[in-house]
Amino acid sequence: MLHDRVLVRTDIPEGERRSSGGIVIPATAAVGRRLAWAEVVAVGQNVRTVEPGDRVLYDPEDRAEVEVRGVAYVLMRERDLHAVAAERLEGSEDSTGLYL
């Protein structure tokens, strides 16, 4: 990885999904702008706020997909991340484990 790049693996594969009530939503359904969660796999040497294993919130429209050994990943700049959920932060006092 180079500079401020972050490589993430998306949580939910593209295609149909289920609502919290159990309703199946087809992949062709139009949904408003929605952010997605992903797990950080690798980071560049200039990335300061995330580490491999953290979960990040990002905009799926601003992404570059790459396939490595048959697995699809998303490559983005650190500045394109909207939020980070990290287990290392949950143990600190008055912390939700989520920072923006």
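Look up a bit, the structure's there.
These numbers come from a predicted model, not from an experiment.

A. Here's a closer look at the overall build of the protein chain. When helices and strands are counted, the protein chain shows one helix and nine strands. Looking at the protein chain residue by residue over its 100 residues, the buried ones come to 23%. Here the contacts in the protein chain between residues at least 6 apart in sequence split such that 58% fall between residues at least 24 apart. With an accessible surface of roughly 7,100 Å², the protein chain has 49% of that area assigned to carbon and sulfur atoms.

B. Expanded view of the pattern of salt bridges. Under the counting rule described, the total for this entry stands at three salt bridges. In this structure, aspartate 4 and arginine 5 form a salt bridge, with 3.2 Å as the shortest nitrogen-oxygen distance. The exposure class of arginine 5 is partly exposed, given its relative accessible area of 26%. A salt bridge links arginine 77 to aspartate 4, with the nearest nitrogen and oxygen atoms 3.2 Å apart. Remark: aspartate 4 occurs in the segment before β1 (5-10) and arginine 77 occurs in strand β7 (residues 71-77); sequence separation between them is 73 residues. Salt bridges linked by common partners bring Asp4, Arg5 and Arg77 together as one network.

C. Quick look at unusual backbone geometry. A positive phi angle is found at histidine 3, which is not glycine, with a value near 50°. Position of histidine 3 relative to the elements: it lies in the segment before β1. Look at arginine 69: it is not a glycine, yet its phi comes out positive at around 50°. The residue arginine 69 is located in the loop between β6 (64-68) and β7 in this model. A relative accessible area of 83% means that arginine 69 is categorised as exposed.

D. The environment of tryptophan 37, seen in detail. Along the chain, tryptophan 37 falls in strand β4 (residues 36-43). Residues tryptophan 37 and proline 60, 23 residues apart in the sequence, show an inter-C-alpha distance of 9.2 Å.

E. Representation of the pairing of β1 in the model. Pairing of β1 with β7 involves four bridges; the strand directions are antiparallel. Considered in β7, the bridge of valine 8 is made with valine 74. Of the strand pairs in this sheet, β1 and β4 are connected by five bridges, and their pairing is antiparallel. Residue valine 8 lies in a different strand from β4, and its bridge partner there is valine 40.

F. Spatial organisation of the pairing of β6. Relative to β7, β6 runs antiparallel, the two sharing five bridges. Paired with valine 68 across the two strands is valine 71, which belongs to β7. The turn linking β6 back onto β7 is made up of two residues, and arginine 69 within it adopts a positive phi angle of 50°.

G. Molecular detail of the nonpolar core. Counting 13 residues, the largest nonpolar core has Val6, Val8, Val50, Val56, Met76 and Leu81 as the members making the most contacts within it. The set of elements that each furnish at least two residues to this core consists of β1, β4, β5 (55-58), β7 and β8 (81-85).

Criteria and cut-off values
- Residues numbered from 1 in each chain as written.
- Predicted model: local features only at pLDDT ≥ 70, side-chain atom pairs only at ≥ 80, totals over all residues.
- Heavy atoms only, no water.
- Helix = DSSP H or I, 4+ residues; strand = E, 2+ residues; numbered from the N terminus.
- Buried < 20%, exposed > 50% of the residue type's maximum accessible area, 1.4 Å probe, protein only.
- Contact = heavy atoms within 4.5 Å.
- Areas by Shrake-Rupley, 256 points an atom, 1.4 Å probe, with all protein chains shown as cover.
- Salt bridge = Lys/Arg side-chain N within 4 Å of Asp/Glu carboxyl O.
- Pairing = 2+ DSSP bridges.
- Core = buried A, V, L, I, M, F, W, Y, C linked by side-chain atoms within 4.5 Å.

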